[in-house]
Amino acid sequence: MEVNTVIPFNKPYLTGNETKYIEEAVASGKISGNGIFTQKCQHFFQERYGIQKALLTTSCTDALEMCAILLNIKEGDEVIMPSYTFVSTANAFVLRGAKIVFADSRTDQPNIDENTLEDLITSKTKAIVVVHYAGVACEMDTIMALAKKYGIYVVEDAAQAIESFYKGKALGSIGHLSAFSFHETKNVISGEGGLLGINDEQFIERAEIIWEKGTNRSAFFRGEIDKYGWVDVGSSFLPSEIIAAFLWAQLENLDDIQQRRKEIWNTYYQFFKEEEKVSLPMVPDYATNNAHMFYVLLASLKKRNEFISGYKERAINPVFHYVSLHSSPYFKDKHDGRKLPNCDKYADTLVRMPLFYELDQKCVLNINSDSLK
Ligand SMILES: *Cc1c(COP(=O)(O)O)cnc(C)c1O
């Protein structure tokens, strides 16, 4: 890619096999959900990451909605989660009437501060939802121990966390439930798409039913029952085989995709290490880096805006995101008034640099060559 062309923030990467597999799916005569490609993708997550049961969904948002249904979240239940996250983390639980209790981020990185959680737990708390921001693990031992102590569930929003680990365990395989995203801005994509991970056996059977519109059709297809019917609430959470075929082409190339993203990430890191004006992302010893995103932190909102405009003048498009959910137009009147200063700091000072497969190292160096002047 030439540097004098516009450099977008993201560009979806195609491995080349997407349309071939879609043709195969179409030719097979089965294009609705839960066919061969769906099975392949689900097995991939189960085998490679040790997730007990994986179900493809039409988005990570949908997988999170399934989590809220599976946990029987109802009016008045409390769910703790970070404020520095995407709206879907919260919406899935708000839709079922939960009261969201937002937690602050850590001082050293944007993940939920595990040390603030115990004070937020009440007799109404049903779940803690963690978000592995930038694919970097939250402190899961502490969080799982708290959940055990108080008899509450842990949901991992692993939207950004494919191929990332906490003390050797794959993210998405640790909480009772987890949700991945294959939106076109993630490492592995299918346009829109997601996956529900289940690591607590009690949820498996019901998850398949909720997934299939509240029917026991999955069990019927396996020959376990001789007719299927309406047995529970549910919705249409499963994607078509066309989406699964696309996703399979991506998953087959995961190692290659990851290698390239890490090269780009490291090139950024080496460059910004020399820059006094920015702080670098921190990856704790217990976590790995899946190169989902490369971000830096500026000293203030003003400095962050200048940084972005400096790049924009050169047709390069870094972005910021996540206005703290506790102070969002929808939620600010519902928030209990606690200050969440670290969350506000990331909302004001974090910038994400362009990071996608086709952005080669030379290009990254050129992007930065006369920046920050
Ligand atoms: C991308 C993202 C989502 C939403 O994923 P979709 O597949 O678009 O629904 C949810 N949570 C986080 C943290 C994300 O980054």
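If you check an unreviewed UniProt entry, the protein chain appears there as dTDP-4-amino-4,6-dideoxygalactose transaminase from Polaribacter butkevichii.

Before going further, it helps to spend a moment on the site of the ligand. Around the ligand lies a shell of 15 residues, among which Cys 60, Thr 61, Asp 157, Ser 181 and Lys 186 are the nearest. A distance of 2.5 Å is found between an oxygen atom of the ligand and a side-chain nitrogen or oxygen belonging to Thr 61. The separation between an oxygen atom of the ligand and a polar side-chain atom of Ser 181 is 2.7 Å. When the ligand sits alone it has 380 Å² of accessible area, and the protein chains cover 93% of it. Here the shell around the ligand is composed, by residue class, of five nonpolar, eight polar and two charged.

What follows is about the nonpolar core. In this structure, Phe 45 and Leu 251 are the most contacted members of the largest nonpolar core, which totals 51 residues. Secondary-structure elements contributing two or more residues to this core are helix 1 (18-27), helix 2 (36-49), strand 1 (53-57), strand 3 (99-103), strand 4 (125-131), helix 5 (140-150), helix 8 (241-252) and helix 9 (254-273). It is helix 8 that contributes the most residues to this core, six residues altogether. Residue contributions to this core reach at least three from each of two domains, namely domain 1 (18-252) and domain 2 (254-372). Setting aside its immediate chain neighbours within four residues, Phe 45 contacts Gly 50, Ile 51, Ala 54, Ile 162, Phe 180, Phe 182, Leu 195 and Leu 251. Counting 48 residues, the second largest nonpolar core, distinct from the first, contains Leu 70, Val 155, Ala 159 and Leu 196.

Basis of the calculations
- Residues numbered from 1 in each chain as written.
- Predicted model: local features only at pLDDT ≥ 70, side-chain atom pairs only at ≥ 80, totals over all residues.
- Heavy atoms only, no water.
- Near = heavy atom within 4 Å.
- Polar contact = N/O pair within 3.5 Å; in protein donor to acceptor, adjacent residues only side chain to side chain.
- Areas by Shrake-Rupley, 256 points an atom, 1.4 Å probe, with all protein chains shown as cover.
- Nonpolar A, V, L, I, M, F, W, Y, C, P; charged D, E, K, R; others polar.
- Core = buried A, V, L, I, M, F, W, Y, C linked by side-chain atoms within 4.5 Å.
- Buried < 20%, exposed > 50% of the residue type's maximum accessible area, 1.4 Å probe, protein only.
- Helix = DSSP H or I, 4+ residues; strand = E, 2+ residues; numbered from the N terminus.
- Domains from an automatic or database assignment.
- Contact = heavy atoms within 4.5 Å.

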